[in-house]
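Listed below are the residues making up each chain.
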Amino acid sequence: MSVSESARAPRLLRYPRRLKLVAIITVLLFAAALVVAGLSAWRQDNLTQSLREDTAWVVYKLDRDAVQLLNHLLADTRGRLSPAAQDALNLRFELLYSRITLLREGEISSLLQSISAASELLDQIQQQLDALDPMFEPHEDMDRLPVTALESELQSLTRLTERLVIAINGYLAESATEERALLSTLYKLLISLLIGISFAVLTVIVFLVREMRESAAARREQEQLSKQLQVTAKQAQAANHAKSDFLAMVSHEIRTPLNGVIGMSELLREPASPAQVEDYARTIHDSANQLLAMINEILDFSKIEAGHLTLETSPTALTPLVEGVMALFEPRAQAKGLQLSLHVDPLVPAWVMIDAGRLRQILLNLIANAIKFTDYGSVSVRVSSTVGHLLFDISDTGCGLNSEQQETLFEPFQQADESVARRYGGTGLGLAICKRLSEAMQGRLGVDSTPGLGSTFWCELPLVEASPVSSPLPVEPARDFDGTSLLLVEDNAVNRKVAVGLLSRLGCEVVCAENGREALAMVRRQQVHLIFMDIQLPDIDGVTVTQRLREMGGWCSEVPIVAMTAGGAEDDRRRCLAAGMNDYITKPLSLLALGNVLALQLSTTPTLMTPIPSALRQEEGDAALLNETTLATLVGSLGADSVDQLAVLYHQQASDYIAQLSGYFAAGSTSSRDHWRQVERLAHQLRGESVSMGAEQLAAQAKRLESMAALDEASLEALTACFDTLRHCAARTYAALERWRRDHPLH
């Protein structure tokens, strides 16, 4: 698990601290402002109410004093007014006059001035009091009071004070009504404000609770992320350790065959008998092939990991394919005393749509592993099918695997344990490649194993039935390479020396060019039968040189040009063929590979657009079908047993290719560019394998079909006629190969 695949942790603070702090302070200040405003309003209301009450009380006392003064005057004047009574009445008047003074001063005066009726009455009362003032004097200053005038004036005064009391009470009643209405409005506003404050407080609380929850969730996710990072770090360390182990293992595996190459090369420099020289050379050849196989395995895995894997699905006869793979391992199983068996369920379709090459690669690896890790007992292969799935089971009675070994078995650079690498060797990439191939084919690969009881590797692939196709085949006579002139364009001195040596052994006359410009200059002076072109050149790359050669016209436009490079990518092959090259050969070079290429490219072929006879002449002998020199070279290089197995496998695979080609030429099949591209691909594969087995006529016919399928203007009739010739030639080649095996017993 990588860090990028883990869930994205949220921020610890969804809202900034400053925003939350400002929100809290705002709510608190708002609440405080409301409290202060409420207290202020309440205090002001109390003061106003107190003033009104004081005013009403003073007015009331004014009225009461005026009435009492009148009543005392009336009571005291029923008889003769005494001096004491006169002084008492004068004192009461003074008190009454002081009441009006209170009403004329301070806040009470402001309140009365705001009441128009009260202000007018107050002025009238003041005038009335001013009129009464000279009438009231102490007994010392006035012997007798004007009672009648005083009674009349006091009655007028009481009427005025009574009206003032009524006016003040009316004002107070109206004010109370207005205040109650205002208070009702304020209550509503207060409730609204309280609701707003409650909502604000609730919002702040929600924010805080949400923040707490998110912070807790963020902490948990950070802890989980920390754990994931720890796991990722451990995986990275494990991968780094595995790659280090892989490099150490590959270093060991490379040194082993390399030691054979270097050691045997040094022995060859010393005097030795012909038998020893042959033995040394065979050891060098086997070690080099072992080293090449290891490098190819690593490159295959790199290609799969880089996503450059392409599948080529076509109709395939399933049982012959599996039997051909089994035939390769029969001698190895017999040498170890193992019983090798195959069981194909009768319900399995005879023909399926599948990538035969990839399936063969998976089976080769799984069966090879089963035999490698089984010292006694048996290895069995079972092919069965269910609805929509094809199942391959490879069971052995070997050492078995525990659960920990099974968990890492399909990982790259892994083997069951270190003792496996020491005992059996290998890079640990075989099963990883098989698993990725099966997954690319929309399938699965797994293992069921018990330590000490053996293992069963199973591969489940999608099952798509295909229509059966018929089989049989044709060829051209082989050419003698003596006197063949070749141009070798190669900048590396060692590679030039190897290529010149091998081509000279084939009887060719080789001229060399070390770069592209030298090659272009040389073809102007000398004509050759074929050009081997290196891709990576110091001045101009081989693809550009080829394009310029084709543009020169004349013999340069038709001379076979074969790419020769250390790369093996399919894109490189397409690029070379698109530039005008005829074929593609990868380094390291071998005598057999160079001979096959020369046989294919230098064979004479009729014009592509000319219809080809439907059958070859029966009088052509078997010698024209097979190149016995190639077969003898194979026996000398690989050994008799290996060539025998190779012949069986070639027969099977060639039949497989013919069967698949028949499907494309069957009646009712579609005809498109992609359709003929598959025909071109199958013919190319058949051509290569036929050349390797010395079946030169069949290789030539496959090349003819490949070339015609690549042409847009090729007619269906010409292609069908060419394929018919190919089928007849194949049938005769099979028979010739069987006769050669009978006449040249390999055991």
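Remember, it's a predicted structure, so these values are computed and weren't measured experimentally.

## A short note on the sheet that holds strand β12 (residues 583-586)
Thought 1: Taken in spatial order, the five strands line up as β9-β8-β10-β11-β12 in an open sheet, and their pairing is parallel. In this open sheet, the two strands that pair with only one neighbour each are β9 (508-513) and β12. Each adjacent strand pair in this sheet contributes to an overall mean axis angle of 25°, direction not counted.
Thought 2: Where strand β11 (residues 561-565) and β12 come together, four bridges link them in parallel fashion. When the bridges of β12 are listed, Val562 appears paired with Asp583.
Thought 3: Where helix α14 (residues 542-552) meets the sheet, its contacts fall on β10 (530-534) and β11, and the angle it forms with β10 comes to roughly 150°.

## Section: the nonpolar core
Thought 1: Counting residues in hydrophobic clusters, the biggest one holds 40 residues, and the most contacted among them are Phe392 and Ile394.
Thought 2: Those elements that provide at least two residues to this core are α7 (318-336), β3 (351-354), α8 (356-372), β4 (378-386), β5 (389-396), α11 (430-440), β6 (444-450) and β7 (454-462).
Thought 3: Here this core gets nine residues from one element, more than from any other, and that element is α8.
Thought 4: Once residues within four sequence positions are removed from consideration, Phe392 is found in contact with Leu318, Val322, Leu359, Leu363, Arg382, Val383, Phe457, Trp458, Cys459 and Leu461.
Thought 5: Counting residues in each nonpolar core, the second largest holds 37 residues, with Leu698, Leu705, Ala718 and Ala730 among its members.

## Let's talk about the pattern of salt bridges
Thought 1: Applying the stated rule across the entire model yields eleven salt bridges.
Thought 2: Measuring nitrogen to oxygen at the nearest pair gives 3.5 Å for the salt bridge that ties Arg382 to Asp345. In this pair, Arg382 is assigned in strand β4 and Asp345 in the loop between β2 (339-344) and β3, connecting sequence segments 37 residues apart.
Thought 3: Residue Glu514 pairs with Arg496 through a salt bridge whose shortest N-O separation is 3.5 Å. With Glu514 in the loop between β9 and α13 (516-525) and Arg496 in helix α12 (residues 493-505), this residue pair connects regions lying 18 residues apart in the sequence.
Thought 4: When its relative accessible area of 15% is taken as the criterion, Arg496 is described as buried.
Thought 5: Through salt bridges with shared partners, one network takes in Asp583, Arg687 and Glu706.

## Side note on the sheet that holds β5
Thought 1: An order of β2-β4-β5-β7-β6 is seen for the five strands of this open sheet, with the pairing classed as mixed. Each of the sheet's edge strands pairs with one partner strand only, and the pair in question is β2 and β6. The average angle at which neighbouring strand axes cross in this sheet is 15°, direction not considered.
Thought 2: Where β2 and β4 come together, six bridges link them in parallel fashion. Considered in β4, the bridge of Gln339 is made with Ser378.
Thought 3: Across the sheet, α7 lies against β2, β4 and β5, angled at about 175° from β2, the strand it touches most.
Thought 4: Helix-sheet contacts for α8 involve β4, β5, β6 and β7, and the interaxial angle to β5 is about 20°.

## Some thoughts on α14
Thought 1: Three or more residues of α14 are buried, namely Gly542, Val543, Val545, Thr546, Leu549 and Arg550. The arc that holds every buried residue of α14, seen down its axis, measures 160°, which confines them to one face.
Thought 2: One side-chain oxygen of the residue at the start of α14 lies 3.1 Å from the amide nitrogen of Val543, identifying that residue as Asp541.
Thought 3: Just downstream of α14 lies Gly553, where phi reads positive at about 75°.

## Concerning the packing of α8 against α11
Thought 1: Across the interface, α8 lies against α11 with an axial gap of 10 Å and an inter-helix angle of 145°. Relative to α11, the crossing made by α8 is left-handed. Taken together, the residues of α11 that come into contact with α8 (itself represented by Arg358, Gln361, Ile362, Asn365, Leu366 and Asn369) are Gly430, Leu431, Ile433, Cys434, Leu437 and Ser438.
Thought 2: Among the residues making up the contact of α8 with α11, the classes are represented as six nonpolar, five polar and one charged.

## A few points about the environment of Val348
Thought 1: Residue placement: Val348 occurs in the loop between β2 and β3.
Thought 2: The exposure class assigned to Val348 is buried, which follows from its relative accessible area of 10%.
Thought 3: In this structure, Val348 is in contact with Leu318, Val383, Ser384, Ser385 and Leu390, ignoring residues within four places of it in sequence.

## Thoughts on the pairing of β10
Thought 1: Here β10 lies mainly inside the structure; five of its five residues are buried.
Thought 2: Sheet analysis places strand β8 (residues 484-489) next to β10, joined by four bridges and oriented parallel. Following the sheet pairing, Leu486 is matched in β10 by Leu530.
Thought 3: Sheet topology note: the β10/β11 ladder contains four bridges and is parallel. Considered in β11, the bridge of Asp534 is made with Met564.
Thought 4: For the crossover that starts at β10, traverses α14 and ends in the parallel β11, the hand is right-handed.

## Overview of unusual backbone geometry
Thought 1: You will see that Gln442, though not glycine, has its phi angle at about 65°, which is positive.
Thought 2: Locating Gln442 in the fold gives a position in the loop between α11 and β6.
Thought 3: The exposure class of Gln442 is exposed, given its relative accessible area of 64%.

## A closer look at a nonpolar patch on the surface
Thought 1: On the surface, Leu182, Leu183, Leu186, Tyr187, Leu189, Leu190 and Leu194 cluster together into a nonpolar patch covering about 650 Å² of accessible area.
Thought 2: Positionally, Leu183 belongs in helix α5 (residues 147-268).

## Quick word on α11
Thought 1: Taking burial as the measure, the eleven residues of α11 include eight buried ones, the bulk of the element.
Thought 2: Those residues of α11 that fall on the buried side of the exposure criterion are Gly430, Leu431, Ala432, Ile433, Cys434, Arg436, Leu437 and Ser438.
Thought 3: Residue Gln442 follows α11 closely and has a positive phi angle near 65°.

## What about the confidence of the model for the protein chain?
The predicted structure's coordinates, where accompanied by low pLDDT, should not be read in detail.
Thought 1: Looking at the protein chain, pLDDT values average 76 and 78% of them are 70 or higher.
Thought 2: Low pLDDT, under 50, characterises residues 1-13; the predicted model gives this stretch 20 contacts beyond four residues in sequence or across chains.
Thought 3: Within the model, pLDDT remains below 50 along residues 470-479, and this stretch shows 61 contacts once partners closer than five positions in the same chain are excluded.

Rules used throughout
Residues numbered from 1 in each chain as written. Predicted model: local features only at pLDDT ≥ 70, side-chain atom pairs only at ≥ 80, totals over all residues. Heavy atoms only, no water. Pairing = 2+ DSSP bridges. Helix = DSSP H or I, 4+ residues; strand = E, 2+ residues; numbered from the N terminus. Axes fitted to C-alpha atoms, helices over the stretch in contact; angles between N-to-C directions. Contact = heavy atoms within 4.5 Å. Core = buried A, V, L, I, M, F, W, Y, C linked by side-chain atoms within 4.5 Å. Buried < 20%, exposed > 50% of the residue type's maximum accessible area, 1.4 Å probe, protein only. Salt bridge = Lys/Arg side-chain N within 4 Å of Asp/Glu carboxyl O. Arc of directions from axis to C-beta. Polar contact = N/O pair within 3.5 Å; in protein donor to acceptor, adjacent residues only side chain to side chain. Left-handed = near helix turned anticlockwise from the far one by under 90°. Nonpolar A, V, L, I, M, F, W, Y, C, P; charged D, E, K, R; others polar. Right-handed = clockwise from strand over helix to strand, strands pointing away. Patch = residues over 30% accessible without salt bridge, like charges linked within 9 Å, V, L, I, M, F, W, Y side chains within 5 Å. Areas by Shrake-Rupley, 256 points an atom, 1.4 Å probe, with all protein chains shown as cover. pLDDT = per-residue confidence, 0-100.

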